[in-house]
Amino acid sequence: MDAFEQMEAVIALRREQPQENSYTCYLFEKGLDKILKKVGEECAETIIAAKNGEKAELIGEINDVFYHMMVMMNECGVTLAEVCAEMDKRAQKIGNLKQFHVSDHNT
C-alpha cells in the first residue's frame, strides 16, 4: 500500500469511526463547504510557496493540498482508484497536441 492508499484508508476510517480531536472528523462534521474552503486555501498557499521558491515549504503545502483533496474526494464519493484510472487514460494521450482554432478577426 502506497502513501496515497494509506491516506485514503485513514480518511475513510475517520469517517466511518469518528475519533475525538481528529481534524479529519472535524472537516467531515463541518461538511463540504468547509472542506472546499480548505482545498482553496491550501491551493493558494501552494502557489505562494512555489512563487517564494522555498522547496521544503512547497513540499509541505503540496501535501496539505493532497490531504484536503482526498478528504473532499471521500466526501464526494470519489475513490483514488477512479482518479488513477482517469490519469491512466490521460497518460495515453501524452504527445497528442490539441489543434487550436485560429479565428480571422479581420472578417
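This text goes with the structure placed above it.
The present account deals with the structure reproduced in this document. (Residues numbered from 1 in each chain as written. Predicted model: local features only at pLDDT ≥ 70, side-chain atom pairs only at ≥ 80, totals over all residues. Heavy atoms only, no water.)

1. Things to note about the overall build of the protein
We count it as follows: Secondary structure is summarised from DSSP: a helix means a run of H or I of at least four residues, a strand means a run of E of at least two, and numbering begins at the N terminus for each. Relative accessible area decides the class of each residue, using a 1.4 Å probe on protein chains only: under 20% of the type maximum gives buried, over 50% gives exposed, and in between gives partly exposed. Working rule for contacts: check all heavy atoms of both residues, and any pair within 4.5 Å makes them a contact. Every accessible area reported is derived by Shrake-Rupley at a probe size of 1.4 Å, with residue values counting cover from the shown protein chains alone.
Scanning the protein for helices and strands turns up five helices and zero strands. Reading the helices (α) and strands (β) of the protein from amino to carboxyl end gives α-α-α-α-α. Burial status across the protein gives 21% buried among its 107 residues. Counted over contacts in the protein with a minimum sequence separation of 6, partners at least 24 positions apart contribute 56%. Summed over all atoms, the accessible surface of the protein reaches about 8,300 Å², with 56% contributed by carbon and sulfur.

2. Quick notes on unusual backbone geometry
For Asn21, which is not glycine, the phi dihedral falls at a positive 65 degrees. Along the chain, the position of Asn21 falls in the loop between α1 (3–16) and α2 (23–30).

3. Remarks on the nonpolar core
Applied cut-off: Here, the term nonpolar core denotes a set of buried Ala, Val, Leu, Ile, Met, Phe, Trp, Tyr and Cys residues that are joined through side-chain atoms within 4.5 Å.
Core analysis: the largest hydrophobic core is formed by eleven residues, namely Ile11, Leu27, Phe28, Ile35, Val39, Tyr67, Met70, Val71, Met72, Met73 and Leu80. No other element matches the five residues that helix α4 (residues 55–76) contributes to this core. Contacts of Met70, omitting those with residues within four sequence positions, involve Phe4, Met7, Glu8, Ile11 and Leu80.

4. Structural notes on a nonpolar patch on the surface
The condition that has to hold: The residues that make up patches have over 30% relative accessible area and no salt bridge, and they are joined within 9 Å when like-charged or within 5 Å when they are Val, Leu, Ile, Met, Phe, Trp or Tyr. The term salt bridge refers to a pairing of a side-chain nitrogen on Lys or Arg with a carboxyl oxygen on Asp or Glu at a separation within 4 Å.
On the surface, a nonpolar cluster with roughly 220 Å² of combined accessible area is contributed by Phe4, Ile62 and Phe66. Structurally, the position occupied by Ile62 is in helix α4. When its relative accessible area of 31% is taken as the criterion, Ile62 is described as partly exposed.

5. Looking at the packing of aromatic side chains
Let me state the cut-off plainly: The rule is short: rings of Phe, Tyr and Trp, with Trp giving its six-membered ring, pair when the centres are within 6.5 Å, and they are stacked under 30 degrees, edge-to-face over 60, tilted in between.
Evaluated as defined, the whole model comprises three aromatic pairs. Where Phe4 meets Phe66, the ring centres are 5.2 Å apart and the plane angle is 65 degrees; that geometry is what we call edge-to-face. Of this pair, Phe4 sits in helix α1 while Phe66 is found in helix α4, placing the two residues 62 residues apart along the sequence. Owing to a relative accessible area of 33%, Phe4 belongs among the partly exposed residues under this scheme.

6. Brief notes about the side chain of Lys38
Along the chain, the position of Lys38 falls in helix α3 (residues 32–52). Residue classification places Lys38 among the buried residues on the basis of a relative accessible area of 15%. With near-sequence residues (within four places) excluded, Lys38 lies in contact with Tyr23, Leu27 and His68.

Spatial relationships are all this shows, so hold off on functional conclusions.
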